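The residues making up each chain are set out below.
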Amino acid sequence: MAFKIDITTLRQIYEKLKECYEVISPVYDNGVIQYRENPSFDAIPFGKTQIEYAGTYFVSDTEKNYISYVRPSNTLKNFLRPPQEVLYKVYKKDEKI
């Protein structure tokens, strides 16, 4: 079942989520569409489309009010499985920690 959400409702959903969560979404930055923490609803690249050919990538404006992209320049893996950081190490020497 498919349905459309109008821009006003989408903005309300975004603002509600932003109150409690870090919102990750497509953002247009430096000529590419990429996933990252979104500072505001207006940073969502509505009216942009990603165009890719062999050895070519660019983002173009469209007349439509939606985002069209195949693969952003980064993945959600960085947000869903962030890199691990070692906080401390424990060594055993002469049977003592």
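Bear in mind the structure is a predicted one, so any value in this text is a computation, not a measurement.

**Q** Before we go on, may I ask you to explain a nonpolar patch on the surface in this structure?
**A** Judged by side-chain polarity, F3, I5, I13, L17 and Y21 come together as a nonpolar surface patch covering roughly 540 Å² of accessible area. Positionally, Y21 belongs in the loop between α1 (7–20) and β1 (24–29).

**Q** Got a minute to help me understand the side chain of N38 in this structure?
**A** Tracing the backbone through its elements, the reader meets N38 in the loop between β2 (32–37) and β3 (48–53). On the basis of relative accessibility, which here comes to 0%, the residue N38 falls in the buried class. At a separation of 2.9 Å, a polar atom in the side chain of N38 contacts the main-chain amide nitrogen of S40. Not counting residues within four places of it along the chain, the set of residues in contact with N38 comprises Y14, K18, V23, S25, P26, V27, A43 and I44.

So, how was this worked out
- Residues numbered from 1 in each chain as written.
- Predicted model: local features only at pLDDT ≥ 70, side-chain atom pairs only at ≥ 80, totals over all residues.
- Heavy atoms only, no water.
- Patch = residues over 30% accessible without salt bridge, like charges linked within 9 Å, V, L, I, M, F, W, Y side chains within 5 Å.
- Areas by Shrake-Rupley, 256 points an atom, 1.4 Å probe, with all protein chains shown as cover.
- Salt bridge = Lys/Arg side-chain N within 4 Å of Asp/Glu carboxyl O.
- Helix = DSSP H or I, 4+ residues; strand = E, 2+ residues; numbered from the N terminus.
- Buried < 20%, exposed > 50% of the residue type's maximum accessible area, 1.4 Å probe, protein only.
- Polar contact = N/O pair within 3.5 Å; in protein donor to acceptor, adjacent residues only side chain to side chain.
- Contact = heavy atoms within 4.5 Å.

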